[in-house]
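# Commentary on secondary and tertiary structure
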Amino acid sequence: MPRVIFYTATTLNGFLADDHDSLEWLFAVQQDEDSFAPFIANIGAIVQGSTTFEWVVAHEGLAEHPEKWPAFYGARPTWVFTTRRLTQIPGAEVRFASGSVREAWPEIAAAAGDLDVWVVGGGDLVGQFADAGLLDELRVQIAPVTLASGRPLLPRDLASDRLHLESIAQNGQFAELVYTVRRPDQPEEARDAV
Ligand SMILES: NC(=O)c1ccc[n+]([C@@H]2O[C@H](COP(=O)([O-])OP(=O)(O)OC[C@H]3O[C@@H](n4cnc5c(N)ncnc54)[C@H](OP(=O)(O)O)[C@@H]3O)[C@@H](O)[C@H]2O)c1
């Protein structure tokens, strides 16, 4: 079964974006190596919430330039969770979904095949995967930035018996932490064998 990975940048105090969904704070932070290219090479399907999708569409002008979509996600099928009717990007493999992530999961997993699933965000959608016992890994690039408020990284209670620190690395101004997530039904000793 594919693994579900939340790969993201975050402020030091746990925000994905500011209150207006701006990422200006992120663009000012310097990295030495491109950690995204090796990450996405192993991704077969992508999941994101509607705010994240609409931000990319607006920020990159994808409605006017749909041919730019592959530069972000390639041909990977992307599920966008929304209760609204959003505009499709011509030529992009975007599928709109709503309701339980568990219900959508078999189709997402089948699309990913032998590769992994990237949950882009936001935090609550990642929380929905955690609630469903479907979240396997957190890969967070922590920026040396704090914001007074904003969109939360992961608004759930996950105690230290659920998160296992796998690695710490520096990339320019970022600290990258990788945690495996123990599923609620997985015995603790199985975690170390992952
Ligand atoms: N720092 C980073 O690297 C990074 C990474 C990811 C995201 N971001 C940013 O962080 C912000 C995240 O925004 P956000 O917290 O609002 O999260 P989001 O997950 O992008 O969007 C939340 C919206 O998605 C829809 N949704 C979520 N779950 C659903 C479900 N199960 N069924 C149907 N619809 C569902 C709902 O909107 P509707 O039903 O109204 O459509 C909900 O309000 C964005 O600004 C994004 O650009 C930053």
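These figures come from a predicted structure and were not determined experimentally. (Residues numbered from 1 in each chain as written. Predicted model: local features only at pLDDT ≥ 70, side-chain atom pairs only at ≥ 80, totals over all residues. Heavy atoms only, no water.)

### Examining the site of the ligand
- Neighbouring the ligand are 23 residues, the closest being Asp21, Ser50, Thr52, Thr82 and Thr83.
- In the environment of the ligand, an oxygen atom lies 2.4 Å from a nitrogen or oxygen atom belonging to the side chain of Thr83.
- The contact in question runs from a nitrogen atom of the ligand to an N or O atom on the side chain of Gln128, over 2.8 Å.
- Going through the elements one at a time, strand E1 (4–11), strand E2 (15–17), helix H3 (50–59), strand E6 (116–121) and helix H6 (123–131) are the ones with two or more residues in the shell around the ligand.
- When residues in the shell around the ligand are grouped by element, the largest group, four residues, is from H3. (Near = heavy atom within 4 Å. Polar contact = N/O pair within 3.5 Å; in protein donor to acceptor, adjacent residues only side chain to side chain. Helix = DSSP H or I, 4+ residues; strand = E, 2+ residues; numbered from the N terminus.)

### Here's the deal with the pattern of salt bridges
- In this structure the tally under the stated criterion is 10 salt bridges.
- In this structure, Asp21 and Arg151 form a salt bridge, with 2.8 Å as the shortest nitrogen-oxygen distance. Here Arg151 lies in strand E8 (residues 151–152) and Asp21 lies in the loop between E2 and helix H1 (24–27), a separation of 130 residues in the sequence.
- Linked through salt bridges whose partners overlap, the residues forming this network are Arg3, Glu137, Arg139 and Glu176. (Salt bridge = Lys/Arg side-chain N within 4 Å of Asp/Glu carboxyl O.)

### Side note on unusual backbone geometry
- Residue Gly122 follows Gly121 across a cis peptide bond; omega there is 0°.
- With respect to the element layout, Gly122 can be found in the loop between E6 and H6.

### Observations concerning the pairing of strand E9 (residues 163–171)
- In terms of strand pairing, E9 meets strand E10 (residues 174–181) through eight bridges, oriented antiparallel. Counted as the bridge partner of Leu163 is Val181 from E10.
- In this antiparallel pair of consecutive strands, E9 and E10, the connection spans two residues, and Gly172 shows a positive phi of 60°. (Pairing = 2+ DSSP bridges.)

### Side note on helix H5 (residues 101–112)
- Where H5 is concerned, the buried positions are Val101, Ala104, Trp105, Ile108, Ala109 and Ala112. When H5 is viewed along its axis, its buried side chains cluster within an angular range of 145° and face the same direction. Of the residues in H5, the exposed ones pointing more than 90 degrees away from the buried face are Glu103, Pro106 and Ala110.
- Those residues of H5 that are buried are in contact with E1, strand E3 (43–49), strand E4 (78–81), E6 and H6.
- For H5, the N-terminal capping position is held by Ser100, with its side-chain oxygen 3.1 Å away from the main-chain nitrogen of Arg102.
- With its phi angle positive at about 65°, Gly113 sits one or two positions after the end of H5. (Buried < 20%, exposed > 50% of the residue type's maximum accessible area, 1.4 Å probe, protein only. Arc of directions from axis to C-beta. Contact = heavy atoms within 4.5 Å.)

### Regarding the sheet that holds E9
- Spatial ordering of the open sheet is given by E5-E4-E3-E6-E1-E7-E10-E9, a layout of eight strands whose pairing is mixed. The open sheet is flanked by strand E5 (94–97) and E9, the only strands paired with a single partner. In this sheet, adjacent strand axes meet at a mean angle of 20° when their direction is disregarded.
- Summarising the sheet, E4 and E5 pair through four bridges and their orientation is parallel. Across the sheet, Trp79 pairs through a bridge with Arg95, a residue of E5.
- The sheet contacts of H3 involve E3, E4, E5 and E6, and relative to E3 the element is tilted by about 100°.
- Most of the contacts of H5 go to E3, to which it runs at about 150°, and overall it touches E1, E3, E4, E5 and E6. (Axes fitted to C-alpha atoms, helices over the stretch in contact; angles between N-to-C directions.)

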